[in-house]
Amino acid sequence: MNTFLLADLANPNVVIQTVLPEMILAVTGIFIMVYDSYVPGKQKVTATLSLIGLAASAVALYMLWVEPLTFASGFNGMILTDVIRLSFTAVFILVAALTILISTVWVDNEKVPAGEYHVLVLFATVGMMFMASGNDMVIIFLGLETLSIATYVMAGMRKTDLRSNESAMKYFILGSYASAFLLYGMALIYGATGSTNITEIAASVGSATFPALLLVGGALLLIGFGFKVATVPFHVWTPDVYEGAPTPITGFMAAGPKAAGFASFLRVFVLGFPLVAGGVAAQYLHESWVTALAVIAILTTTVGNFAAIVQNNVKRMLAYSSIAHAGYALVGFVGAGVAATAAARDEAIAAVAFYMLTYAITNLGAFAVITLLARKNDRRTDFEDYNGIGFKSPVLSFTLSLFMLSLLGLPLTAGFIGKVLVFRPALEAGQTLLTVMVVVAVVNTAVSAYYYLRLIVVMFFKERNTDWIAPKIPAAVGVALLVTVLGVFYFGLFSNNVIRAFTSVAEKPAVSASNSK
Amino acid sequence: MEYLNENLLTILILLPAFGAVALIGHQLFWKEEAHLKWLTLAFTILNFLISLALLGNVAASENGFFFEKNIPWIEAINTNYHVGVDGFSLWLVILTTFIMPIAVISTWHAVEKRAPAFYVFLLLLESAMLGVFVTLDLLVFYLFFEASLVPMFFLIGIWGGKDRIYAAVKFFIFTALGSLLMLVAIISLYYLHLQATGTGSFDYITLLGSIQSGKLVLAGQAGTLLFLAFALAFSIKVPLFPFHTWLPDAHTEAPTAGSVILAGVLLKMGTYGIMRFNFTLFPEASREMAWIFIILAIIGIIYGALVAMVQPDIKRLVAYSSVAHMGFVVLGMFSFTEAGMQGALYTMLSHGVTTGALFLLVGFIYERRHTRLISEYGGLSSVMPIYATFFVITAMASIGLPFLNGFVGEFMIMLGMWSSTILSGNWNQVATMFAGTGVIFAAVYLLWMVQRVFFGKITNEKNKGLSDLSLREIGLMAPLLFLMVFMGVYPSLFLRESAASVRGIQKIVIGETTKGGTVDSPPEIGQVEKNLPDTN
Amino acid sequence: MVTVLFYILAGLAIACAISCVYHKNPLFSAVSLIGVFISLACIYLTLSAPFIAVTQILVYAGAIMVLVIFVIMLLNLDEDSPHTNLAYLYGFGGGLGVLLIGQALFVFYAVNRAGQKSVESTAAGQTSSIGKAMYTEYLLPVEIVGILLLMAIVGAMIMSRRLREPSVAASSEE
Amino acid sequence: MEPSLETYLALSGILFAIGSVGVIYKRNAIGMFMCIELMLNAVNLSFVAFARHYGDVTGQLFVFVVMAVAACEAAVGLGIIITFFRNRESIDVDDASIMRN
Amino acid sequence: MEQIVKTIFPFVVIGVAVFLAFQGVLMIVAYTVLAERKILGWIQGRIGPNRVGPWGLFQPFADLFKFIFKEELAPDESTKVIFYLAPLVALTCALMPIIVYPFGPEIKGSFDFLPYGLGEGITSLPLTIAQMDVGVLYVLAITSVGVYGIALAGWSSNSKYSLMGGLRSSAQLISYELAMGASVIGVVMLAGSLNLSEIINAQINSPFKWFIIPQFIGFIVFMIAAFAETNRVPFDLPEAETELVAGFHTEYSGLKFALFFMAEYVNMFTVSVMCVTLFLGGWYIPGLDLLARTIGMEWLFGAGTIGYAVVSHVGFLTKIFAFLFFYIWVRGTLPRFRFDQLMNFGWKFLLPVSLANVILTVIVVFILNR
């Protein structure tokens, strides 16, 4: 027998613990898939299994969090356990769990194949987690695609509905289009530096083989990631896709993939293209991406908010609002980019993570309510459908109002702390453009009051013409709502612990990641 | 007792919020709506009584805060829950707790639909307003400042008049826009402090200390921009001309209780903010920009009065009179004299009482006739003598008749402005004279309105059967009337408490304090005046 | 020799690519695209990457395009008619094309100017070295690819399964 | 004598440009999808060229991964297109406009 | 002159080799057709073709002439370009794998006798046209491209029968390709190479080293998949006359039909070669080398000599013919699957089994190597 197999396979630098959260989820997904193929359609079982898997994954994540020192990196530096990974992964797990809870009602209503749906959610979460943990462009790309492909399918899961089909198709075409740009960017960065490892790229941007390719590659990456997180020139897909996709999926898409996109985006740009002393190209690169992102942030907040004003469909309004929120997160992103010290940078990154956390919670809560109110086949998602339901279903409408206020960024809610944290670092640099960016973002927040309040206005201040029966709140959705409401208040009032946890990762010395090759 | 003293302000803030939770709990388990107003009243009165405990304990000192409590909130950004009162905020706190029970009683029969939510929002509003006046951490201040919008938004939007949605949204967006810029300024301050001293801070006292000791220099463009960001937020809230357009709408559409609170307390948050933060944190910018605010204030006074004159709607008229009165307050503050600033504070208090009373009175008649148009009324004095009496007295107080509360404040403001040195040449006196015309205008529009509504023959048949004020309504008005008279004849009771604090602020804003040290001993009375150059 | 071959293949690839975009009939486009793929596979051979070349044919030509042609046959697609309500896209597309061609030329110029010597004769393209890398250095990506494929199967099944009344069991269980 | 790196990159760039223009010009979803595949292939060429330049296996592995991803995308994407077609009897993107633009 | 010869020589050698190989394969194919007709005849109690030449031995040429002189018809509504392209694609793809076939062992010896120093440094002559590093994958890749011929033919004929036949055929090929690929993995793992010659080298010296023994499951799966890949009975659904007339080539006639026809038989030959190479030791004849050494005729047919190569090549062909006979035998014996059975069988039985085989192999290899 040939000895090739084993002799050369020694030491692939496998550190299983580093990918334990991801692995647990993947295994859970596979298990559910197998289970579902024998006992199809048991939503309660598969949902419970998924939640157990997510909980186990969360435990594994917690273990990583408290003891990341011994294996901060693994798999030849492809996985890096740092602030981006840990904080964002926590967001993803939360998003996935809430999505599963929220979608129970939808799965029942639409007769969706429950097991397969849960598998997709779990795999999408695995993809997101890899996007956050990947310190290599291969992993980031793979995570992104895992996530995207799962989401394409999820968007089209209401198969008999044309809006859902359309949503899935548009998302698929435009998403793959964006992936192609992203990939081209990755290729050029690889060509410029000779490596796909972010740490190594960061080390060699100052002395790249082909410095000019760095700029082109950076620009293409900007387009690709911009697409994924829906920043303005590349946001065109968002409204249609969000409107057409089944409501719980829309909530998931707005919360999870966006956060995952930001995780990779942050890692590639903030950590991968730092400001390096020496190396004109590297400096120019850093300067240009910061400037470009600042301009994009200005555009994104402005367009997102102003376009949201004129919408008549709640989901569409929230789609534009999600664009605007991507803009706010970008403000923090730029702040991380210009941070003077590593500690400040990590703090800014944690701020973006925290912002995505608050946004995810709020947004998922809102979509939970909208799912309940939309009824079967997402029929009732126009503003008119919300007329005067305020006191007919006080629990739902008051929670929805709370979420709207949190999205608006009103104090005492999670959204406020999130906004404060992301606006903070960008002001520190004291550059005019960045200050203008923050001011624009802030003015836009005031503009956003108009459409967020509009929902509250129609719910409470208008009268209802026709009869309307308040939907019953199923237990699972009730739990999700409770979690989100408590979350909104908890992060609004006692966010200290969370922020400290998010930033504490950085305080520990990071183990060198470059032990590959 | 020590514990109680330490946490008195926290209790003040949290008690109404707790009341709101209790109301929700009550509603969940008993579902008896009749209890709600009693519960709410009990909570507000209790709060008022607690707030009176502050009175005795605030000693006269210039830079001192009392009942301080400082616990870390978010360590990552070094923001603390830091509360405390001085002589300045003391009165505003008490004004708030005083107005609240009155507002609650005023809604005794007016609120029929969705009563539980109404009282919940009322109580939450009280929490937020109290928070604004006692917070010494800028971020937390902002937080309460914004948080006060939501209950008011709902109060106007759900229980308001015909155009309530427009009014509510306008109110919200105007105020939110301004305050968000203030948020940027607050965060910038944090970083300026971080750059200057190595630690960022949102704490008012820390910032003030750094500025006074020269560690943090907020001069030049940065200072001006920050000043403007703060001032814009507060000017919208005040509201200063030309940011006043939300006020008439909000007042007209709000329910009576909402109007009373809006006029009585919410507007004061703006002037409070200018005096507390703008003057002390950016004294140089304040001095440089004072002329703008003085001009705007004078325009506000005259414009408010002139527009009030032509209003067909009583409530709108009162709303515009608020614009004029708040113009006076701003004018007084920007005179940078002790008299002017004390007068501004006093006008804030008396405006709260008087305008609150006016809105209550308008509310009474509205409950009876469901209209507020002046043309619908006429000769009411014959059918409602008590009401007419009350109304006339309140109107007089609002005009600023001597021996009523309005007079004291406005007189002090004009005195302060006259002796101010903030404008070059004789412009101070010119400004005072312009402001003085405002008083005359106020007399014109109020008296004309009173004449049209109360005197002459009853022109409208519907008014013949109107009943006079009920006992509840009289009981509601009595404390207010008493206060009008009391504040008119014995102002020093109030001014004494606040003198030291106001003087402290005044000294900072005119650049009196020596850099590097704080003033520990109270300066002698009159020292400030002596140091001012002779204007004549 | 290799250069001549390269230019022939490159010309073929570009011609096929243009034909793929130009043809209105999806099947002609698909056939042109297969041409591109095969030309590229041959170009990979000139880059001493036989494994990638064969995988290219196996995956792109042998699997993906078969699926595409399958679907085209299944749906019996008509020819494209020109854009009606999306006509503005023509202008946008032209602009984008010019921009990207410019970018390609810029890359050419930049790399040409940098004038780096490439590494001579390497074992990197050898199947065994790729295999080794796959199971040592790049173990994790390969495993994720596994997950991805699994998920794609599930997704494709969900999407293309005929609409039986799903979850009858679930509804009856409630 | 081999063609130099920049020649490969230029070819890759041109193919990418053709593909991306094609995505915009095509009207039916399958055509768009094919043009996206063309773009991915163009990128692969870049990767392989760079891998050759650096004598590195990374680029080729990346290409391998991209191919796997492309296969997955094809499976799912064609499924989506078929579903769309079943409901509408057309895969023209002009027809995909139920929702307001 | 020397330079020119040196430049041209490799091409000439490759050209000649390719020509020879193609001719050989096509001849084999031609007579496989004849053999099939004969054997089927015997199985069914008939004689089979016996008119042209002795025992009908010239029948293939007669058929060829018939095809050549027949009128070329193309349906009016067909898409002409693709209609003409399809058979070419089919045959090209069928013939392309030939270049990696290991027809025999390499011949060791000196080639200095060649003029201009052409043989300098060459010590052995492999009986393979291209020693491809990725031979197995290459074969799989090219055969998978062969689907296009069928699919395009079905589509371009613009006929329902053709379309359905084409669809069925493509579906079948795609489905069974997976199982086939997976079944080969075990062999590749044991041999440690994708090069076909290397795979054979891993099997020589003893018949017990043939991979059919450790990889019996893989062999069975490969065989079944091979039947499906070549659209042979019992997997000849695409051409089921009762349902689809003649499947994808319903509309084809004349030379174009002949091309398809040839492509099918070349494919048969290809899978037979693959089967022999992967599982049955390829050209290796057990004991041949030992026999030569024992009887002292190493110079004639000891390992590395021309004689050894010739005898081994004959052994190779014998194994292939055995397989081809098996094909024909099965055709004469077994009934046809239903389409859903076929798909189910492929996806739900064959693929899992072959994957299980891979895992099993991994485990066994792992344990044995420890």
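Parameters and conventions
Residues numbered from 1 in each chain as written. Chains lettered and ligands numbered in written order. Predicted model: local features only at pLDDT ≥ 70, side-chain atom pairs only at ≥ 80, totals over all residues. Heavy atoms only, no water. Helix = DSSP H or I, 4+ residues; strand = E, 2+ residues; numbered from the N terminus. Buried < 20%, exposed > 50% of the residue type's maximum accessible area, 1.4 Å probe, protein only. Contact = heavy atoms within 4.5 Å. Areas by Shrake-Rupley, 256 points an atom, 1.4 Å probe, with all protein chains shown as cover. Lys, Arg positive; Asp, Glu negative; His and termini not counted. Charge placed at Lys NZ, Arg CZ, Asp CG, Glu CD. Buried area = accessible area lost by both parts, 1.4 Å probe. Salt bridge = Lys/Arg side-chain N within 4 Å of Asp/Glu carboxyl O. Polar contact = N/O pair within 3.5 Å; in protein donor to acceptor, adjacent residues only side chain to side chain. Nonpolar A, V, L, I, M, F, W, Y, C, P; charged D, E, K, R; others polar. Pairing = 2+ DSSP bridges. Phe/Tyr/Trp six-rings, centres within 6.5 Å; stacked < 30°, edge-to-face > 60°. pLDDT = per-residue confidence, 0-100. Expected span 1.5 Å × (residues − 1). Axes fitted to C-alpha atoms, helices over the stretch in contact; angles between N-to-C directions. Parallel < 35°, antiparallel > 145°, perpendicular 65-115°, else oblique. Left-handed = near helix turned anticlockwise from the far one by under 90°. Patch = residues over 30% accessible without salt bridge, like charges linked within 9 Å, V, L, I, M, F, W, Y side chains within 5 Å.

**Structural notes on the overall build of chain A**
In terms of helices and strands, chain A carries 19 helices and 2 strands. Along the three orthogonal principal directions, the C-alpha set of chain A runs to about 70 × 65 × 40 Å. Expressed as a percentage of its 517 residues, the buried residues of chain A come to 71%. Within chain A, residue pairs in contact and separated by at least 24 positions form 81% of the contacts whose partners lie at least 6 positions apart. Carbon and sulfur atoms provide 66% of the accessible area of chain A, an area that totals close to 13,900 Å². The positive charge centre, built from 28 side chains, and the negative charge centre, built from 26, are 8 Å apart in chain A.

**Focus: the arrangement of the chains**
By contact count, the leading pair among the 6 pairs of chains in contact is chains C and D. With respect to C-alpha atoms, chain B approaches chain C no nearer than 30 Å, and the pair has no contact. No part of chain D reaches chain E; the closest C-alpha pair between them is 13 Å apart.

**Topic: the interface of chain A and chain B**
Counting residues at the interface gives 40 residues for chain A, matched by 37 residues for chain B. In total, about 3,400 Å² of surface goes out of reach between chain A and chain B, with carbon and sulfur atoms giving 80% of it. Where chain A touches chain B, the interface holds 0 salt bridges. Linking chain A with chain B are 4 residue pairs in polar contact (both at pLDDT 80 or more). Counting only elements with at least two residues in the side of chain A that touches chain B, the list comes to helix 15 (394-408), helix 16 (414-429), helix 17 (432-461), helix 18 (475-493) and helix 19 (496-507) of chain A. The element best represented in the side of chain A that touches chain B is helix 17 of chain A, accounting for 13 residues. By residue class, the composition of the side of chain A that touches chain B is 29 nonpolar, 5 polar and 6 charged.

**A look at the pairing of strand 1 (residues 66-74) of chain B**
Residues and elements named next belong to chain B. Note that strand 1 and strand 2 (residues 79-85) share 6 bridges and pair antiparallel. Looking at the pairing, P72 lines up with N80 of strand 2. Turn length for the strand 1-strand 2 hairpin, with the two strands adjacent in sequence and antiparallel, is 4 residues, and the turn residue N78 shows positive phi of about 55°.

**Structural notes on the side chain of K258 of chain A**
Residues and elements named next belong to chain A. Secondary-structure assignment places K258 in helix 11 (residues 247-271). Buried within the structure, K258 lacks any salt-bridge partner; D240 is the closest side chain of opposite charge, at an N-O distance of 15 Å. A distance of 3.1 Å separates a polar side-chain atom of K258 from the backbone oxygen of V229. Dropping the residues within four chain positions of it, K258 is found in contact with V229, A230, Y242, M253, S322, I323, A326, M356 and Y359.

**Side note on the pattern of salt bridges**
For the coordinates displayed, the defined rule picks out 21 salt bridges over all chains. A salt bridge links D240 of chain A to K170 of chain A, with the shortest nitrogen-to-oxygen separation between them at 2.6 Å. You can see D240 of chain A sitting in helix 10 (residues 237-244) and its partner K170 of chain A sitting in helix 7 (residues 162-193), a full 70 residues away along the chain. Residue K108 of chain E is joined to E106 of chain E by a salt bridge in which the shortest nitrogen-to-oxygen separation is 3.6 Å. Connected through shared salt-bridge partners, E166, K170, D240, E243 and R316 of chain A make up one network.

**As for the packing of aromatic side chains**
A complete count under the given rule lists 96 aromatic pairs over all chains for this structure. Ring centres 4.7 Å apart and planes at 80° place the aromatic pair F265 of chain A and F333 of chain A in the edge-to-face group. Of this pair, F265 of chain A sits in helix 11 while F333 of chain A sits in helix 13 (residues 314-337), and the two are 68 residues apart along the sequence. A single burial state applies to F265 of chain A and to F333 of chain A, both of which are buried. Connected via pairs of aromatic rings, a cluster forms that spans F141, F145, Y204, F227, F230, F234, F277, F279, F282, F293, F334 and F336 of chain B.

**Observations regarding the interface of chain C and chain D**
How big an interface is tends to be stated in terms of accessible area lost as the parts join. Each partner contributes residues to the interface: chain C has 85 residues there, and chain D has 71 residues. Summed over both sides, the interface between chain C and chain D buries roughly 6,800 Å², with carbon and sulfur atoms accounting for 75% of that surface. On the chain C side of the interface with chain D, the three residues burying the most area are L47, Y60 and M159 of chain C, jointly 9% of the side's total. Taken together, chain C and chain D are joined by 0 salt bridges.

**A closer look at the confidence of the model for chain A**
In regions of low pLDDT, the predicted coordinates are not meant to be interpreted in detail. Residue and element names in this part refer to chain A. A residue-level look at chain A finds 93% of positions with pLDDT of 70 or above and a mean pLDDT of 85. Looking at the elements of chain A, mean pLDDT is at its lowest for helix 1 (residues 4-7), recorded as 49, and at its highest for helix 6 (residues 137-155), recorded as 92. Under a pLDDT of 50 for its full length, residues 1-7 has, in the predicted model, 15 contacts with residues more than four places off or in other chains.

**Describing unusual backbone geometry**
All names here are of chain B. Here the bond from V238 into P239 is cis, since omega is -5°, no more than 30 degrees from zero. With respect to the secondary-structure elements, P239 resides in the loop between helix 9 (220-237) and helix 10 (246-253). Across the junction of F241 and P242, the peptide omega takes the value 5°, indicating a cis bond. Summarising the element assignment, P242 is placed in the loop between helix 9 and helix 10. Positioned with a positive phi, F336 is a non-glycine residue whose angle comes to about 60°. Along the polypeptide, F336 turns up in the loop between helix 13 (314-334) and helix 14 (338-369). Positive phi, normally seen in glycine, also occurs at H370, with a value near 55°. With respect to the secondary-structure elements, H370 resides in the loop between helix 14 and helix 15 (380-383).

**Considering the side chain of S406 of chain A**
Residue and element names in this part refer to chain A. Tracing the backbone through its elements, the reader meets S406 in helix 15. Within the structure, the side chain of S406 is placed 3.3 Å from the side chain of T362, a separation counted as a polar contact. Aside from chain neighbours lying at most four places away, what touches S406 is T362, T413, A414, G415 and V488.

**Remarks on helix 7 (residues 164-197) of chain B**
All names here are of chain B. The end-to-end C-alpha distance of helix 7 is 48 Å, a good match for the 50 Å that 34 residues give at a rise of 1.5 Å each. Across the 34 residues of helix 7, 25 count as buried, placing the element largely inside the fold. Backbone geometry just after helix 7 places G198 at a positive phi near 95°.

**A word on the packing of helix 10 of chain B against helix 11 (residues 256-281) of chain B**
Residue and element names in this part refer to chain B. At a minimum axis distance of 8 Å, the contact between helix 10 and helix 11 shows a crossing angle of 140°. On the basis of their axis angle, the class for helix 10 and helix 11 is oblique. Counting all contacts with helix 10, which are made through W246, L247, A250 and H251, the residues of helix 11 involved are S259, L262, A263 and L267. By residue class, the composition of the contact of helix 10 with helix 11 is 6 nonpolar, 2 polar and no charged.

**So, the packing of helix 7 of chain B against helix 8 (residues 204-212) of chain B**
Residue and element names in this part refer to chain B. One way to put it is that helix 7 packs onto helix 8 with a least axis distance of 11 Å and a crossing angle of 50°. Taken together, helix 7 and helix 8 sit at an angle that is classed as oblique. Pair helix 7 / helix 8 crosses with left-handed handedness. Seen from helix 7, the contacting residues are L189, H193 and T197; seen from helix 8, they are T206, L207 and S210. Classifying every residue of the contact of helix 7 with helix 8 gives 2 nonpolar, 4 polar and no charged.

**Structural notes on the environment of V443 of chain A**
Residues and elements named next belong to chain A. Relative to the helices and strands, V443 is located in helix 17. V443 sits in the partly exposed class, given a relative accessible area of 30%. Residues V443 and S195 lie 248 residues apart in sequence; the distance between their C-alpha atoms is 42 Å.

**Describing the environment of Q103 of chain C**
Relative to the elements of secondary structure, Q103 of chain C occurs in helix 4 (residues 88-114). Q103 of chain C sits in the buried class, given a relative accessible area of 11%.

**Side note on a nonpolar patch on the surface**
Residue and element names in this part refer to chain E. A contiguous nonpolar surface patch, about 1,000 Å² in accessible area, is contributed by M27, W55, L57, F58, F61, L64, F65, I68, F69 and L255. When residues in the nonpolar patch are grouped by element, the largest group, 5 residues, is from helix 2 (residues 59-69). Relative to the assigned elements, W55 resides in the loop between helix 1 (2-43) and helix 2.

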